[in-house]
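# Notes for the structure review
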Amino acid sequence: MKRPKLRKASKRLSCHKRYKIQKKIREHHRKVRKEAKKRGHKKPKKDPGIPSAAPFKEELLREAEQRKQRLEELKQKQKLNRQKEHEKKRKLEAKKNAAKIKEKAEGKESPGKSKGKTNKLLNKNSKKSFCRELMKVLEASDVVLEVLDARDPMGCRCPQLEQAVTCSGGNKKLLLVLNKIDLVPKDNIEKWLNYLKKEFPTVAFKSATMMKDKTMQEQVTKRRARVDFSENSQYFGSKCLLKLLQEYSKTQDKGIQVGVVGFPNVGKSSVINSLKGKRACNVGLARGVTKSMQIVHLDKQTKMLDSPSIIADPSNSALALALRSIIDTEGSDSADVLEGVNAIINHCSKQQIMMHYNIPDFRDPEEFLSLLAQKRGMLKKGGVPDIENMAKLVLCDWTGARIKYYSQPPGFQKLPPYLTEQKIAEMQEGFNLNNLEEENSNTVQALKHPSPASSIVFQSAGMTNGTIEENKVIEEGPEWANMETSKEEEEEEEEEEEFTESDDDEDDVEEEDDDDVEEESQVQVTRRTKPGKGQTNPTNSKEQMAGNERSRSLSFSLDKPADEDDAYDFNTDYV
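None of the values given here were measured: they were computed from a predicted structure.

### Thoughts on the nonpolar core
- Counting 62 residues, the largest nonpolar core has Val-143, Leu-145, Leu-178, Leu-241 and Met-304 as its most contacted members.
- Residues contacting Leu-178, with those up to four places away along its chain left out, are Leu-148, Ala-150, Pro-153, Trp-192, Leu-193, Leu-196, Thr-202, Val-203, Ala-204 and Phe-205.
- If you look at the next biggest cluster of nonpolar residues, it comprises 29 residues, including Leu-319, Ala-322, Met-390 and Val-394.

### What to know about the side chain of Thr-202
- Tracing the backbone shows Thr-202 in strand S3 (residues 202–204).
- A polar side-chain atom of Thr-202 sits 3.1 Å from the main-chain carbonyl oxygen of Phe-200.
- Excluding anything up to four places from it in sequence, Thr-202 contacts Leu-176, Leu-178, Leu-193, Leu-196, Lys-197, Leu-436 and Asn-440.

### Digging into the pairing of strand S4 (residues 256–261)
- Where burial is concerned, most of S4 is hidden: 5 out of the 6 residues are buried.
- In this structure, strand S1 (residues 143–149) lies alongside S4, joined through 4 bridges in parallel fashion. If you follow Leu-145 over to S4, its bridge partner there is Val-260.
- Across 5 bridges, S4 lies against strand S6 (residues 302–306) in parallel orientation. Its bridge partner lying in S6, Gln-257 is registered against Lys-303.

### Brief notes about the pattern of salt bridges
- According to the stated counting rule, one finds 13 salt bridges in the structure shown.
- In this structure, the salt-bridge partner of Arg-62 is Glu-58, at a minimum N-O distance of 3.9 Å. In this pair, Arg-62 and Glu-58 are both assigned in helix H2 (residues 57–109), 4 residues apart and thus about one turn of the helix distant.
- On the basis of relative accessible area, Glu-58 is assigned to the exposed category, the value being 58%.
- The salt bridge involving Arg-402 is made with Asp-397; its shortest N-O contact spans 3.4 Å.
- Judged by its relative accessible area of 7%, Asp-397 is buried.
- Taken together, the salt bridges that share partners define one network made up of Asp-149, Arg-151 and Lys-180.

### As for the packing of helix H8 (residues 238–252) against helix H16 (residues 433–446)
- The interhelical angle for the contact between H8 and H16, taken along N-to-C directions, is 165 degrees, at an axis separation of 10 Å. As the angle between them shows, H8 and H16 are arranged roughly antiparallel. When you trace H8 past H16, the crossing you get is right-handed. Where H8 abuts H16, its residues Cys-240, Lys-243, Leu-244 and Glu-247 lie against Asn-435, Leu-436, Glu-439 and Asn-440.
- Partitioned by chemical class, the residues of the contact of H8 with H16 number 3 nonpolar, 2 polar and 3 charged.

### Description of the packing of aromatic side chains
- Tallied over the full model, the rule gives 7 aromatic pairs.
- The interplanar angle of 70 degrees and the centroid separation of 5.4 Å between the aromatic rings of Tyr-357 and Phe-368 together place this pair among those described as edge-to-face. Of this pair, Tyr-357 sits in helix H12 (residues 350–357) while Phe-368 sits in helix H13 (residues 365–376), placing them 11 residues apart in sequence.
- Among the residues examined, Tyr-357 registers a relative accessible area of 4% and is labelled buried.
- Where Trp-398 meets Phe-458, the ring centres are 6.1 Å apart and the plane angle is 45 degrees; that geometry is what we call tilted. With Trp-398 in helix H14 (residues 387–399) and Phe-458 in the loop between strand S9 (456–457) and strand S10 (466–467), this pair connects stretches of sequence that are 60 residues apart. A single burial state applies to Trp-398 and to Phe-458, both of which are buried.
- Among the aromatic side chains, those forming a connected cluster through ring pairs are Tyr-357, Phe-362 and Phe-368.
- Over the face of the ring belonging to Tyr-19 we find Arg-18, whose NZ or CZ atom lies 5.5 Å from the ring centre.
- In this arrangement the basic side chain of Lys-350 is found over the ring face of Phe-362, its NZ or CZ atom lying 5.3 Å from the centre.

### Considering the sheet that holds S6
- Across the sheet, which stays open at both edges, the 6 strands sit in the order S3-S2-S1-S4-S6-S5 with mixed pairing between neighbours. The two strands at the open ends of the sheet, each matched to only one other strand, are S3 and strand S5 (294–297). Averaged over neighbouring strand pairs, the angle between their axes works out to 25 degrees when direction is ignored.
- Strands S1, strand S2 (173–179) and S4 of the sheet are contacted by helix H5 (residues 159–166), whose axis makes an angle of about 145 degrees with S2.

### Here we look at a positive patch on the surface
- Where like charges cluster on the molecular surface, the positive patch consists of Lys-23, Arg-26, Arg-30, Arg-33, Lys-34, Lys-37 and Lys-38.
- Within the element layout of this structure, Lys-23 appears in helix H1 (residues 15–39).
- Given the relative accessible area of 48%, Lys-23 is considered partly exposed.

### Focus: unusual backbone geometry
- Despite not being glycine, Phe-56 shows a phi value in the positive range, around 55 degrees.
- Within the secondary structure, Phe-56 is located in the loop between H1 and H2.
- One non-glycine residue, Asn-265, lies in positive phi territory at about 65 degrees.

### Re helix H6 (residues 186–196)
- Within the sequence span of H6, burial applies to Asn-188, Ile-189, Trp-192, Leu-193, Tyr-195 and Leu-196. Buried residues of H6, seen end-on, are gathered within an arc of 165 degrees and therefore sit on one face of the element.
- Among the structural elements, S1, S2, S3, strand S8 (405–406) and H16 are those in contact with the buried residues of H6.

### Here we look at the confidence of the model for the protein
- Looking at the protein, the pLDDT average stands at 76 and 72% of residues meet or exceed 70.
- Averaged pLDDT values for the elements of the protein fall to 42 in helix H7 (residues 214–223) and rise to 93 in H1.
- Counting contacts from residues 214–230, a segment whose pLDDT is below 50, to residues more than four positions away or on other chains yields 8 contacts.

### What about the packing of helix H11 (residues 334–346) against H13?
- Direction vectors running N to C along H11 and H13 enclose 100 degrees, while the axes themselves pass 9 Å from each other. Overall, the two elements H11 and H13 adopt an arrangement that is roughly perpendicular. Mapping the contact onto sequence places Leu-338, Val-341, Asn-342, Ile-345 and Asn-346 in H11 and Pro-365, Phe-368 and Leu-369 in H13.

### Some points on the pairing of S5
- In this sheet, S6 lies alongside S5 in antiparallel orientation, the contact comprising 4 bridges. For His-297, the partnering residue across the bridge sits in S6 and is Lys-303.
- In textbook terms, the turn of a hairpin is the stretch between consecutive antiparallel strands, and for S5 and S6 this stretch comprises 4 residues.

### Digging into the side chain of Glu-199
- Tracing the backbone shows Glu-199 in the loop between H6 and S3.
- Side-chain polar atoms of Glu-199 contact the side chain of Arg-157, separated by 2.6 Å.
- With residues near it in sequence (within four places) discarded, Glu-199 still touches Arg-157, Gln-413, Leu-415, Pro-416, Leu-419 and Ile-424.

Reading the values: the criteria
Residues numbered from 1 in each chain as written. Predicted model: local features only at pLDDT ≥ 70, side-chain atom pairs only at ≥ 80, totals over all residues. Heavy atoms only, no water. Core = buried A, V, L, I, M, F, W, Y, C linked by side-chain atoms within 4.5 Å. Buried < 20%, exposed > 50% of the residue type's maximum accessible area, 1.4 Å probe, protein only. Contact = heavy atoms within 4.5 Å. Helix = DSSP H or I, 4+ residues; strand = E, 2+ residues; numbered from the N terminus. Polar contact = N/O pair within 3.5 Å; in protein donor to acceptor, adjacent residues only side chain to side chain. Pairing = 2+ DSSP bridges. Salt bridge = Lys/Arg side-chain N within 4 Å of Asp/Glu carboxyl O. Axes fitted to C-alpha atoms, helices over the stretch in contact; angles between N-to-C directions. Parallel < 35°, antiparallel > 145°, perpendicular 65-115°, else oblique. Left-handed = near helix turned anticlockwise from the far one by under 90°. Nonpolar A, V, L, I, M, F, W, Y, C, P; charged D, E, K, R; others polar. Phe/Tyr/Trp six-rings, centres within 6.5 Å; stacked < 30°, edge-to-face > 60°. Lys NZ or Arg CZ within 6 Å of the ring centre and 35° of its normal. Patch = residues over 30% accessible without salt bridge, like charges linked within 9 Å, V, L, I, M, F, W, Y side chains within 5 Å. Areas by Shrake-Rupley, 256 points an atom, 1.4 Å probe, with all protein chains shown as cover. Lys, Arg positive; Asp, Glu negative; His and termini not counted. Charge placed at Lys NZ, Arg CZ, Asp CG, Glu CD. Arc of directions from axis to C-beta. pLDDT = per-residue confidence, 0-100.

Structure representation (structure tokens):
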């Protein structure tokens, strides 16, 4: 039998349906016109031109033609400039690619020479470069501002730095800037000011955490977003500090350079931005944002020198290393972060932490982290609390400006060995201390402070030892996450730094780093799959399998809470 042909569905409509659709379209157009009238959007009127009866009509027309010609010429020039820039970028990329190919070819032939070259270069994220830049700032500055966190001023003081400034022999002055005073009760700030002024001149300060700059204003106007800068952009104590520096520069009859130093996350760059009145230095929650010396001109007489953070000595306590060392919480070892959180919780009141985080009673810091992770919904597969990531978040809260805590000054004042009465008199010389006290009291009165009941009492670990000299720096350490351990990764990073033109091309550098990370991962995978030259070693494969199983069991045991030892192991489901 012949198969019947299927007829296509007809596109005809009934008159009723067609008229209905047309009616709806007319109603829609009417509605759109009404809304446009309400909004006041009118059609742009056509330019009627110059009337024929107008005087000097020919001259006006000539001027209009000349304007059009100028605009066209400008557009053509801009187009040519863009094309030139694109050509330059293409040439640079081609040179970089050619240089990389040459390096790879040379590296295969002579790996010893490339290692010798790369070892000479110093990574910007290394501790030695931080110390080198810090020493540059100390040598160049006439006045050194040591920025302290008002929540733990004694823990932010570095005796090695203070000794280097006081015993330098020159006419260098050291001032203490007590920053973040809005996070501490009023009585506690007054006690600390009375304690610290007996050693060095101290300025009470509240820096602006978010400053408006030109780029930010443009983004706000384009997107029409409402950003509240009222609380974050307020700063107090800047007039007092500026006045103090200007008076000192008048006594010296020359321009002065002011170096700003301190441990990470105390607000060094924020202090400079507050003095400048706009965003001059990069600021971030991550530690070690500033990696080199930056010069900011306040006026003709004063220059501000921003410096990288002081590196905490590994001989310090676990609490000092947790709060003052340059730890990258995203890439650092989980054991170091957990140890730091344990030290912080052990130095605080248990009841106040329970009240602040709104959690029940806990026996140890691990149980505290598991309860907090369950409350905030930070869970792994199978509902297991993610203790490691929770510890990183808690550490970020304590180093940032989220948690309000305070420490009491020591009961009796004992001067450090490098400070004598003569040195104290030398440091106070050239400053109007009576006026400084009045200005400090005014700034403390002007600010809104938290009550002692709403803030946590914290036991300080005392002064934090730091390494300033480049020779004494030890690069090996678990807290230094930016420095990578494998030699191959170091070589690839240093090869990239040779061919980067400037620090401004950050986007290009980030793309290259991502490509290198992908290549490294591929190389590691090939190494794991190929243990020998065309031969498979069964004993090695068995040992690797056993090691993998041990590491899996260890990682899971860290994530387990104390009461769930006999819980079902979800990792056994996946091979």
